[in-house]
Amino acid sequence: MTDLLSTDDRAALLPALGETGWAAVPGKDALRKILKFKNFSEAWGFMSRAALMAEKLNHHPEWKNTYNVVDVTLTTHDVQGLTRLDIDLARAMDRFAGSTEVQRNHGEPVSSLCEARASRKA
Ligand SMILES: C[C@H](O)[C@H](O)[C@H]1CNC2=NC(N)=NC(=O)C2=N1
């Protein structure tokens, strides 16, 4: 089974994802990004690519689509927290999304996920 990300891994990997618009979900060891595409077709194209990658990784997003908006939450259910698989899927989604508009007015900075891990267990 995939392990929860260590404190060191978090410090190394999460800031770059914070830069691209991933944020921490309050009270949960999870990453969330809200993407706003030009239209439904672009949103669905992104979701199709992401779905194929999710199958390849055997790691699946929690997500919601409303017309041109795709709201994604990533966490690893088996261990109830962030693992390397969430990082890999987040990076793949960033590649598929390109320069799509990102909504940033939600959640907390990813740095809070480093603190969450530190207080959970060494
Ligand atoms: C049986 C199967 O491998 C598991 O249930 C996989 C499938 N996809 C998954 N996706 C996510 N996000 N977390 C998991 O723990 C997970 N587990």
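Criteria and thresholds
- Residues numbered from 1 in each chain as written.
- Predicted model: local features only at pLDDT ≥ 70, side-chain atom pairs only at ≥ 80, totals over all residues.
- Heavy atoms only, no water.
- UniProt positions renumbered as here; feature names shortened; annotations may be inferred.
- Near = heavy atom within 4 Å.
- Polar contact = N/O pair within 3.5 Å; in protein donor to acceptor, adjacent residues only side chain to side chain.
- Areas by Shrake-Rupley, 256 points an atom, 1.4 Å probe, with all protein chains shown as cover.
- Helix = DSSP H or I, 4+ residues; strand = E, 2+ residues; numbered from the N terminus.
- Contact = heavy atoms within 4.5 Å.
- Salt bridge = Lys/Arg side-chain N within 4 Å of Asp/Glu carboxyl O.
- Buried < 20%, exposed > 50% of the residue type's maximum accessible area, 1.4 Å probe, protein only.
- Pairing = 2+ DSSP bridges.
- Phe/Tyr/Trp six-rings, centres within 6.5 Å; stacked < 30°, edge-to-face > 60°.

The name given to the chain in an unreviewed UniProt entry is Putative pterin-4-alpha-carbinolamine dehydratase, and the organism recorded there is Fuscovulum blasticum DSM 2131. Within the UniProt record for the chain, the comment given under Catalytic activity (unreviewed entry) is "(4aS,6R)-4a-hydroxy-L-erythro-5,6,7,8-tetrahydrobiopterin = (6R)-L-erythro-6,7-dihydrobiopterin + H2O".

(A) Representation of the site of the ligand. In the vicinity of the ligand, the contacting residues are Asn58, His59, His60, Thr75, Thr76, His77 and Asp78. Between the ligand and asparagine 58, the relevant distance is 2.7 Å, taken from an oxygen atom to a side-chain nitrogen or oxygen of the residue. At a separation of 2.8 Å, a nitrogen atom of the ligand approaches a polar backbone atom of histidine 60. Computed on the free molecule, the ligand has an accessible area of 390 Å², of which 65% lies beneath the protein chains in the complex.

(B) Seen up close, the environment of arginine 32. Along the chain, arginine 32 turns up in strand E2 (residues 31–36). Between the alpha carbons of arginine 32 and valine 110 there is a distance of 9.7 Å; along the sequence they are 78 residues apart. Sequence-distant contacts of arginine 32, that is, excluding residues within four places in its chain, are made with Gly21, Trp22, Ala23, Val25, Asp71, Val72, Thr73 and His106. One polar contact links arginine 32 to aspartate 71, side chain to side chain, over a distance of 2.6 Å.

(C) Structural detail: the pattern of salt bridges. Under the criterion given, the structure shown has five salt bridges. Across the pair glutamate 62 and lysine 28 runs a salt bridge whose closest N-O atoms are separated by 3.3 Å. Residue glutamate 62 is located in strand E3 (residues 62–66), and its partner lysine 28 is located in the loop between strand E1 (23–24) and E2; the two are separated by 34 residues in the primary sequence. Its relative accessible area of 28% is what places glutamate 62 among the partly exposed residues. A relative accessible area of 36% places lysine 28 in the partly exposed class.

(D) The arrangement of the pairing of E2 in detail. In terms of strand pairing, E1 meets E2 through two bridges, oriented antiparallel. Bridging across to E2, alanine 24 finds its partner in leucine 31. Counted along the chain from E1 to the antiparallel partner E2, the turn is six residues long, and its residue glycine 27 has a positive phi close to 75°. Relative to strand E5 (residues 101–103), E2 is paired through three bridges, and the arrangement is antiparallel. Along E5, the bridge assignment pairs isoleucine 34 with glutamine 103.

(E) Region of the structure containing the packing of aromatic side chains. The tally for this structure, following the rule as stated, stands at two aromatic pairs. Relative to phenylalanine 46, the ring of phenylalanine 37 has its centre 5.2 Å away and its plane inclined at 35°; by these criteria the two rings are tilted. Each member of the pair, phenylalanine 37 as well as phenylalanine 46, carries the same accessibility label: buried. When the ring of phenylalanine 40 is compared with that of tryptophan 44, the centres are 5.8 Å apart and the planes differ by 25°; the resulting orientation is stacked. One end of the pair is phenylalanine 40 and the other is tryptophan 44, both in helix H2 (residues 40–57) and four residues apart, which spans about a single turn. Take phenylalanine 40: its relative accessible area is 39%, and that puts it in the partly exposed class.

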